[in-house]
Structures are given as structure tokens and as C-alpha cells.
Amino acid sequence: MTELSVTQRAVLAQMVERLPDRTLTTLSLAVAQMPGARARALSKMLGEETVDRSRRAVAFAPMIPLFAPRRDGVEGLMFPAAVLPRLWKAASATAPELLSTLDDVRLREDDLRVVSVADRYCIAASGVIRDQPDVIWPVEPGKEAQREAGLTELARCFDLAVMARRALKSLPNWILRPTPDQLAELRLLIRDAGEVTPDGGPRMLEILFSHLTDACLILRLVVHSSRSASKEGVLSGSEMAIFVNRLLAEVEARVARISAFKVVPGVDPGAQIKADIAWCAETLAELDMTLQLDPNGEWGKTARDARARINRSLSATLKSTDKTLDKVLPMKRVQTAGRMTREAPDLSQTVAPEAIQTANALLILVGAIRTAAQTFGIEGQRSQLVQSVIDRITTFVDLTIEAVNAGDVEDAPRVLAHVETLAKFLAIIDATEPARTVRRRAAAAGSLARTA
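A. Highlighting the overall build of the chain. Broken down by element type, the chain carries 19 helices and two strands. Here the chain holds 452 residues, and 44% of them are scored as buried. Looking at the chain alone, contacts between residues at least 24 apart form 71% of all its contacts between residues at least 6 apart. Surface exposure of the chain reaches about 23600 Å², of which carbon and sulfur atoms provide 54%.

Written out as C-alpha cells, the structure is:
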């Protein structure tokens, strides 16, 4: 088989450049097992691309997150992903003889030579953005203004890259409990960034924000950056207000999803709704802890309204859970002595699968809001519901097991299978010990029924 032609190499190079990192790794492993000259040529291209991306990740480490959207959906400064490889190719071409310096993974974190080379490429990048804008960010019809603004912002971000690389080492300290010296270091960084580029302080926080997995932690950096930034009246009128506005906008979007959520039988509530509840709780709690919100201010009203809407939605969920249990714990009145009657499980009735699926979905939500309940003011209601679920299920199971042991049940396997389902319900709401007790009693009753 012949080698790849020049045209084929050019086309493949463009395709390889666009591959996500995970796909590149998977494809490299697959192609390495293929025979033939073309496969070897492609394998070499993939290997070179992998090495090049590894070098780029070291050199552009402070800037890399700015070329992808945040995973939590919060708005942030972002540049087109296609700009990154073009920018790196142009910047690395200014000193190709130094690229191998970035290859030794053991030296990347602390070695001064590696850091110096990485910084050099970032400085080169800020220059090529200005000198080769058409190469770095080609013009698209109708997007000229957006492109010009993006190029200016990108160049100014890379002007701060050297400072940002050093700042990232202190980031863990700044978002925990910084010492006075560490606070002074952060404030000096913000001031120095402002001297390097216009709006350098907020831009530096944008870079640090892109490295934070938990978006709400940016509030701590904002507050620590100024002695008076914790007050809503001061902060809302400053250039740092954009970070609070972004968080509250995402809270609003997630509250809308929570409010619109409807339980569908047979469909798991999913990770999204549970993540939305947990995220809103964490963010609103951080707002309370970090900022001095004015109850009558815009931010204070937005946060209060978000809590109230989530409270209403989750309260409705808790109420409907209790009602749904009526369908999975069917009861009937039985005569005991004379005219006396009591409630007993209706074991002749087969519980509908839809009722079980609905109860399962609702209880998953009840379990998921355990850590968020305090923030939304429903901890008492949730605790009361959980205890009610435990009491109702254990009472139902006790009476059911008694009936099975007494031989009063026609279809014992079906009834005991339902008991196992109820044990799973207890486990979902973290009632671990009651769930174990139910399973032990069901297992013993099943053994007795089989030997009878």
C-alpha cells in the first residue's frame, strides 16, 4: 500500500486537529493495531498531534479552560475552540527549538526552565494575536464586530498569562481561609493586573474563574479582592458585579427546571434535577455566607424569590410522596372481634407497576434533597415525611409477614417480592437499618413458606 499523498496528509491533518482529546486517544490506539504504510503514516500523525497537545497544555495552562464552556452551564468568558490550535501553532513556531523542554512531565510543575519556556510562548501568543489576526481568528461574514472584540479580549488575556500561571498556585489558599499575607497577595495581583491591561482586575478573575469547578467559589475571590466588596450596595455598582449576576442567572435557569419538573412513572428523575437542587442550594448558601445581601436590593430579592420557588416545588413533591404511598401500601378494614375492626394490608391486591415506579422516583428525590433541605426551609417537612415513610412501611411489612407466617396468604412469593420492593424504598431514603430488618424478616418468612 502506498504512502499518503500530500493532499491526503493535509486533509487528515485538519481532521486530526479538530478531534477531541478522548477521541484522539481512542483513535491512536486503534490505528496502532492496523497494518500497512498508510496506517503507519496516520499513526505517526496522531502521535505527533498527541505530543503537540501535551506541550500546548503545559504552555497555555492558564488559558486552556477559556476555550471551552463551563461544565456547570454558568456563563463565563470563552473563545472559539478552533482558535486555540491555530494560536498555538503560530506561537510555538516562534521558538520551535524549545518545544522539547515541555515534554518531561516530572519537571512541569516547578522547574523554572519549563515555566520560563511556557511563559515565553504565552508572551509570543499575545504578539501573534495582534500581528496575525486573520490567521488566528479568520473573518466570518456577519461576525466582524464580535471577532474584533474577541481578538482584543484574547490578546489582553494572554498579556496576563504569566501572572495568572503564578496566581493559580495560590488559588486553593484564596478560596479557603486566606491569611492576611495571602489576602494582600491577591489584592496586589488584582492591582498589578489592572496596570497591565484595561480592566485587568476583572479579567484576571475571569481567568481564575475558568479554573474553578464550583462556580460559587468565585464569590470568595471577589470579596477578598477588596475590603468593601462584601456589601451588595458597593459590589453591585462595581465591575465585579458580573460574577454575582452570572450565578443568579444560572440559579434562575435551574429554578425554572426544578419548578417545571414532573415525575413520570418508570422514568428516573435523573442526575440533572438532583444536580440542579444541590447546585442551587450550594450557591444560595455561599451567597448568604459570603455577601451581605440587602433584603430590599435586587440580588437579595432574587435570592429570596429563588428559595421560595424551590420551597414550593419541593414541598409539593413531599406532599405527593405521602399520597403515592397509599397506592403501594394498600390497606383494608378487617373484622377482629364482634364489631371491632382494624386496618390490615390488602394482600389480595396486586400493586400497579406504575404506582411503584412513581413512588420510586419520588423517593429518589426525597433522598436527593437531604443536604439541600435546610437551605430551602423544608428540613422539618422532609424529616417528618421520612419518618412517616419508615413507620408506614415497617408497619405494613410487620402485618404482611405475620399473615405469611400464619399461612393466610395465597400467593406468598408475590407478596414477599413486594416486601423486597418496600425494602428498596427504605434504602433510597437512607433508612439503612430498617431496610435490613425488612429483608431479614422477608427472607425468614420465605424460608418458612417453602418448607411448609
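B. The arrangement of the pattern of salt bridges in detail. Enumeration according to the criterion identifies 26 salt bridges in this entry. A salt bridge links R191 to D192, with the nearest nitrogen and oxygen atoms 3.7 Å apart. We classify R191 as exposed; its relative accessible area is 52%. Here D305 and R309 are joined by a salt bridge, their closest N and O atoms 3.6 Å apart. With a gap of four residues between them, D305 and R309 both fall in helix α15 (residues 298-328), about one helical turn apart. Taking the relative accessible area as the measure of exposure, D305 reaches 35% and is therefore partly exposed. In the salt-bridge network here, residues are joined through shared partners; they are E250, R254, R257 and D276.

C. Quick look at the packing of aromatic side chains. One pass over the full model with this rule turns up five aromatic pairs. On the numbers, 5.8 Å between centres and 75 degrees between planes, the contact of F209 with F243 is edge-to-face. With F209 in helix α10 (residues 200-210) and F243 in helix α13 (residues 241-260), the pair connects residues that are 34 residues apart, well separated along the chain. By the burial criterion, F209 is buried, and F243 matches it. It is R70 that lies over the ring of F209; its NZ or CZ is 4.3 Å from the centre. The aromatic ring of W279 is capped on one face by R254, whose charged end is 4.4 Å from the ring centroid.

D. How the structure looks around the nonpolar core. The biggest cluster of nonpolar side chains holds 122 residues, and the ones touching the most others in it are F60, Y121, F158, L221 and F376. Among the elements that line this core, the one with the most residues is helix α17 (residues 379-405), at 10 residues. In contact with F158, other than residues within four places in its own chain, are F60, M63, F67, L87, C122, A125, S126 and I129.

E. Broad picture of the side chain of R147. In this structure, R147 sits in helix α7 (residues 144-159). With relative accessibility at 5%, the residue R147 sits in the buried group. Polar side-chain contacts of R147 include one of 2.4 Å to the backbone oxygen of W137. Once residues within four sequence positions are removed from consideration, R147 is found in contact with P133, D134, W137, P138 and V139.

F. Here's a closer look at the packing of α13 against α15. Close contact between α13 and α15 brings their axes to 10 Å; oriented N to C, the two are set at 20 degrees. The angle between α13 and α15 places the two elements in the roughly parallel class. At the point where α13 passes α15, the crossing takes the left-handed sense. Each of A241, V244, N245, L248, V251, E252, V255, A256, I258 and S259 in α13 lies in contact with α15, whose residues at this interface are W299, T302, D305, A306, R309, I310 and S313. Class assignment for the residues of the contact of α13 with α15 results in 10 nonpolar, four polar and three charged.

Here is what the cut-offs are and how they apply
- Residues numbered from 1 in each chain as written.
- Predicted model: local features only at pLDDT ≥ 70, side-chain atom pairs only at ≥ 80, totals over all residues.
- Heavy atoms only, no water.
- Helix = DSSP H or I, 4+ residues; strand = E, 2+ residues; numbered from the N terminus.
- Buried < 20%, exposed > 50% of the residue type's maximum accessible area, 1.4 Å probe, protein only.
- Contact = heavy atoms within 4.5 Å.
- Areas by Shrake-Rupley, 256 points an atom, 1.4 Å probe, with all protein chains shown as cover.
- Salt bridge = Lys/Arg side-chain N within 4 Å of Asp/Glu carboxyl O.
- Phe/Tyr/Trp six-rings, centres within 6.5 Å; stacked < 30°, edge-to-face > 60°.
- Lys NZ or Arg CZ within 6 Å of the ring centre and 35° of its normal.
- Core = buried A, V, L, I, M, F, W, Y, C linked by side-chain atoms within 4.5 Å.
- Polar contact = N/O pair within 3.5 Å; in protein donor to acceptor, adjacent residues only side chain to side chain.
- Axes fitted to C-alpha atoms, helices over the stretch in contact; angles between N-to-C directions.
- Parallel < 35°, antiparallel > 145°, perpendicular 65-115°, else oblique.
- Left-handed = near helix turned anticlockwise from the far one by under 90°.
- Nonpolar A, V, L, I, M, F, W, Y, C, P; charged D, E, K, R; others polar.

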